[in-house]
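# Per-entry structural report
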Amino acid sequence: DIRDMIIVNNHLKQLISGDILIDDGLHNLEHWPGIGICFTQPWNKDADVLRANNWNDVDLLVRTALALLDTGITHKEVERILKERTL
């Protein structure tokens, strides 16, 4: 039900652009200009980032992020709001 969603399976993240990146590699999320959602794995569990522990978390975060973006809030502000809500 998420409109205009394109899922890209790619290890060269610098070649794509979009509103949201879901990744387990912190190095990919560090420079992402949009909203970065870290999919929790043992190697990133201690990082202070917006995270999803499962695919239900991903679904909720993506839907909420898109709703907030529709109001005109910036990517980084949406990321900050979501991070505060998940603490």
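Residues numbered from 1 in each chain as written. Predicted model: local features only at pLDDT ≥ 70, side-chain atom pairs only at ≥ 80, totals over all residues. Heavy atoms only, no water.

## A closer look at the overall build of the chain
Helices and strands together make up the secondary structure of the chain, namely 3 helices and 3 strands. For the chain, the succession of helices and strands along the chain, N to C, is β-α-β-β-α-α. By the burial criterion, 33% of the 87 residues in the chain qualify as buried. Sequence-distant contacts in the chain: of pairs separated by 6 or more residues, those separated by 24 or more amount to 31%. Surface summary for the chain: the accessible area is close to 6,000 Å², and the carbon and sulfur share equals 54%. (Helix = DSSP H or I, 4+ residues; strand = E, 2+ residues; numbered from the N terminus. Buried < 20%, exposed > 50% of the residue type's maximum accessible area, 1.4 Å probe, protein only. Contact = heavy atoms within 4.5 Å. Areas by Shrake-Rupley, 256 points an atom, 1.4 Å probe, with all protein chains shown as cover.)

## Focus on helix α3 (residues 75-86)
The end-to-end C-alpha distance of α3, which contains 12 residues, comes to 17 Å, matching closely the 16 Å that a straight helix rising 1.5 Å per residue would cover. For α3, every residue scored as buried is listed here: Val78, Glu79, Ile81 and Leu82. When α3 is viewed along its axis, its buried side chains cluster within an angular range of 165° and face the same direction. Of the surrounding secondary structure, the elements contacted by the buried residues of α3 are β2 (35-39) and α2 (55-69). (Expected span 1.5 Å × (residues − 1). Arc of directions from axis to C-beta.)

## Focus on α2
Over its 15 residues, α2 extends 21 Å from the first C-alpha to the last, a length consistent with the 21 Å expected when each residue adds 1.5 Å. By the burial criterion, the buried members of α2 are Val58, Leu61, Val62, Thr64, Ala65, Leu66, Leu68 and Leu69. In this structure, the buried side of α2 is in contact with β1 (20-23), β2, β3 (51-52) and α3. For α2, the N-terminal cap is asparagine 54; the gap from its side-chain oxygen to the backbone nitrogen of asparagine 56 is 3.0 Å. (Polar contact = N/O pair within 3.5 Å; in protein donor to acceptor, adjacent residues only side chain to side chain.)

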